[in-house]
Amino acid sequence: MLKKTSHFMREANFIGGAWVGADTGATIDVVNPATRQTIGTVPKCGRAETRRAIKAAEEAFHSWKKTSANDRAKLLRKLHDAIMDNQEALAELLVMEQGKPLAEARGEVGMSAAYVLWYAEEGRRTYGDVVPSPWADRRILVTKEPVGVIGAITPWNFPSSMLARKLGPALAAGCTAVAKPASQTPYSGLAWGVLAEEAGFPAGVVNIVTGSASEIGDELTENPLVRKITFTGSTEVGKTLIRKSAGTVKKVSMELGGNAPFLVFDDADLERAVAGAVAAKYRNSGQTCVCTNRFFVQEGVYDRFVEKLVEATERLKVGSGLEEGTQQGPLIDEKAVEKVEELVADAAEKGGKVVAGGKRHSLGGTFFEPTVIAEASPEMRFMQEEIFGPVSPIFRFNNEEEAVRLANDTAFGLACYFYTADLGRAFRVMEGLRYGLIGVNEGIITTVEAPFGGLKESGLGKEGGHQGIEDYLDTKYVCIGGLGL
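Residues numbered from 1 in each chain as written. Predicted model: local features only at pLDDT ≥ 70, side-chain atom pairs only at ≥ 80, totals over all residues. Heavy atoms only, no water.

## Observations concerning the nonpolar core
Working step 1: Counting residues in hydrophobic clusters, the biggest one holds 59 residues, and the most contacted among them are Leu79, Ile83, Trp192 and Phe201.
Working step 2: Other than its neighbours up to four places away in sequence, Leu79 contacts Val116, Trp192, Leu195, Ala196, Ala199 and Phe201. (Core = buried A, V, L, I, M, F, W, Y, C linked by side-chain atoms within 4.5 Å. Buried < 20%, exposed > 50% of the residue type's maximum accessible area, 1.4 Å probe, protein only. Contact = heavy atoms within 4.5 Å.)

## Focus: the sheet that holds strand 19 (residues 437–440)
Working step 1: Read from one edge of the open sheet, seven strands run 14-15-16-13-12-18-19, paired in mixed fashion. Whereas interior strands pair on both sides, the edge strands pair on one side only; in this sheet they are strand 14 (353–356) and strand 19. This sheet shows a mean twist of 20° between the axes of neighbouring strands, independent of strand direction.
Working step 2: The pairing of strand 13 (residues 292–298) with strand 16 (residues 391–397) spans four bridges and is classified as parallel. Bridge pairing in strand 16 places Phe296 opposite Phe395. (Pairing = 2+ DSSP bridges. Helix = DSSP H or I, 4+ residues; strand = E, 2+ residues; numbered from the N terminus. Axes fitted to C-alpha atoms, helices over the stretch in contact; angles between N-to-C directions.)

## Remarks on the pairing of strand 4 (residues 38–43)
Working step 1: Strand direction decides the pairing type here: strand 3 (residues 27–31) and strand 4, joined by five bridges, are antiparallel. Each bridged residue has a counterpart across the sheet, and for Ile28 the counterpart in strand 4 is Val42.
Working step 2: The hairpin turn running from strand 3 into strand 4, its antiparallel successor, is six residues long, and Arg36 in that turn takes a positive phi close to 65°.

## Observations regarding the sheet that holds strand 22 (residues 473–480)
Working step 1: In space, the three strands of this open sheet follow the order 5-6-22, with antiparallel pairing throughout. Looking at the sheet topology across the chains shown, the edges are occupied by strand 5 (129–131) and strand 22. Taken over all neighbouring pairs, the strand axes of this sheet differ in orientation by 25° on average, direction set aside.
Working step 2: Strand direction decides the pairing type here: strand 5 and strand 6 (residues 139–146), joined by three bridges, are antiparallel. Within the sheet, the bridge partner assigned to Val131 lies in strand 6 and is Ile140.

## Examining helix 11 (residues 302–314)
Working step 1: Relative to the 18 Å expected for 13 residues at 1.5 Å per residue, helix 11 spans 18 Å between its end C-alpha atoms, a close match to the ideal helical length.
Working step 2: Buried residues along helix 11 sit in contact with strand 12 (260–264), helix 10 (270–282), strand 13, strand 14, strand 15 (371–376) and strand 16. (Expected span 1.5 Å × (residues − 1).)

## Observations concerning the side chain of Lys250
Working step 1: Here Lys250 shows up in the loop between helix 9 (235–245) and strand 11 (251–255).
Working step 2: Glu219 provides the closest opposite charge to the buried, unpaired Lys250, separated from it by 8.6 Å.
Working step 3: Within the local environment of Lys250, its side chain forms a polar contact with the side chain of Thr248, the two groups lying 2.9 Å apart.
Working step 4: Leaving out residues up to four positions away in the same chain, Lys250 has contacts with Leu220, Thr221, Glu222, Asn223, Pro224, Val226, Arg227, Lys228, Ile229 and Ser245. (Lys, Arg positive; Asp, Glu negative; His and termini not counted. Salt bridge = Lys/Arg side-chain N within 4 Å of Asp/Glu carboxyl O. Polar contact = N/O pair within 3.5 Å; in protein donor to acceptor, adjacent residues only side chain to side chain.)

## Brief notes about the pairing of strand 16
Working step 1: Taking burial as the measure, the seven residues of strand 16 include six buried ones, the bulk of the element.
Working step 2: Where strand 15 lies against strand 16, four bridges are found, and the strand directions are parallel. Residue pairing for strand 16: Ala376 is matched across the bridge by Phe395.

## Examining a nonpolar patch on the surface
Working step 1: Residues Val478, Ile480, Leu483 and Leu485 make up a contiguous nonpolar surface patch of roughly 320 Å² in combined accessible area.
Working step 2: Relative to the assigned elements, Leu485 resides in the segment after strand 22. (Patch = residues over 30% accessible without salt bridge, like charges linked within 9 Å, V, L, I, M, F, W, Y side chains within 5 Å. Areas by Shrake-Rupley, 256 points an atom, 1.4 Å probe, with all protein chains shown as cover.)

## Points about unusual backbone geometry
Working step 1: Positive phi is not limited to glycine here, since Ser285 has a value of about 60°.
Working step 2: Following the sequence through the fold, Ser285 ends up in the loop between helix 10 and strand 13.
Working step 3: If you check the backbone angles, Asn441 has positive phi at about 60° while not being a glycine.
Working step 4: Within the secondary structure layout, Asn441 lies in the loop between strand 19 and strand 20 (455–456).

## Brief notes about the packing of helix 10 against helix 11
Working step 1: Packing of helix 10 against helix 11 leaves a shortest axis separation of 10 Å and a crossing angle of 50°. With respect to helix 11, the axis of helix 10 lies oblique. In the packing of helix 10 onto helix 11, the handedness of the crossing is right-handed. Taking contact as the criterion, the partners of Leu270, Glu271, Ala273, Val274, Ala277, Val278 and Tyr282 in helix 10 are, on helix 11, Arg304, Phe305, Lys308, Leu309, Ala312 and Thr313. (Parallel < 35°, antiparallel > 145°, perpendicular 65-115°, else oblique. Left-handed = near helix turned anticlockwise from the far one by under 90°.)

## Comments concerning the packing of aromatic side chains
Working step 1: One pass over the structure, following the stated rule, counts ten aromatic pairs.
Working step 2: Measuring from centroid to centroid gives 5.7 Å for Trp156 and Phe388, while their planes differ by 90°, and the two rings are edge-to-face. Pair noted here: Trp156 is in the loop between strand 7 (149–153) and helix 6 (161–173) and Phe388 is in the loop between strand 15 and strand 16, with a separation of 232 residues, a long-range link.
Working step 3: Joined through ring pairs, the aromatic side chains of Phe262, Phe295, Phe305, Tyr417 and Tyr419 make up one cluster.
Working step 4: A cation sits over an aromatic face here: Arg10 above Trp19, 4.9 Å from the ring centre.
Working step 5: The lysine or arginine in question, Arg165, covers the ring of Phe452, its NZ or CZ lying 4.0 Å from the ring centre. (Phe/Tyr/Trp six-rings, centres within 6.5 Å; stacked < 30°, edge-to-face > 60°. Lys NZ or Arg CZ within 6 Å of the ring centre and 35° of its normal.)

Following this line, the structure appears as structure tokens:
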């Protein structure tokens, strides 16, 4: 396994086109969550190394921003091809450090390449305007220009595709980047340095640093050369980054926490709803920001839905992500398991009925049984807290108004899903839900062509779609006078 992935498994940081260690020589262990064995180390860098990466990115920006959109598109297409040519090796590396099933990892790597290809084209379409002038002898132009150096901070749950969503539009727009991948899953982030190098990106355009989240984050947010911060992660950390970015008035885009509701109405196609529920809940062991956090099922189909979901849940194969047929891997670490145990215990104390799973898996380590909890109630912690694990709490509701009210009863507003066969209800509920992403009779809805991002405390800005490149561009107005017309 290591032999296949060793070309991409870099135990060094990528700064200014060179592979380097931390100034102090300090390292961080990277652990395989399925085996709990250390698979390698990465540099434990801090402010000084990050400052050098920012300087390299700033120097590269002066020439990179002058390249044509077409030339940048050609390099991005090469980057796309490099990812797809090495999809299997990159997927195996991702499984080793993150734990998800190999099939899901292949899909994530493929999605990473798709984002790069999408923005290779979108970068050629960052159109400006010629505005009709109110003055006869003047002309008004509106142009779009790259913001400059961007700082990208990415999470451990999708360590490849989350970086693709940021690097793709940034590079296409003409920006340069300093990226910090999560310490639990740094190799999939460092692999982007290898890929960028092989695709022919100039030194300094892409820089990858690993190490202290607080030191690297502080340098990225406080350094005036960085003009934009893009972050995917918890709402708590996102708020801190927004506050720290205020000192230099940076652009920020934040994809933060979620508390996704999944509504099933009496008229829903139950088979389709259950299939969507499994996909929306148990993908990546429930460790995604758009995973269902709360199921709300109408009284008339409640018992049947619970029965069918339990059957589907108990069929899921739990195991190492590299084993054939695995559908659910381990949780990322012991802290994640303890959080899930706390939430299950809280539900049981408050009248919830554990009807499937409910405890650590017999495989040991950080494996946890796919779990279903019936008779959930609003006073349980997962009404407001993100589970980030394979637990399905199922609430009852009586009518449409109650369902929408319960679904919206959260500070978050990222993703939601609902199932109904009534067209009028589909529009009423869709318009009543305060979420940035809505799946109607679908449990998996993310695609590169559509804008991804939340409302309320789930974030700012969009990733994907034509909207995803806008945050990497500055709009400039030019008035040309004295034309003597």
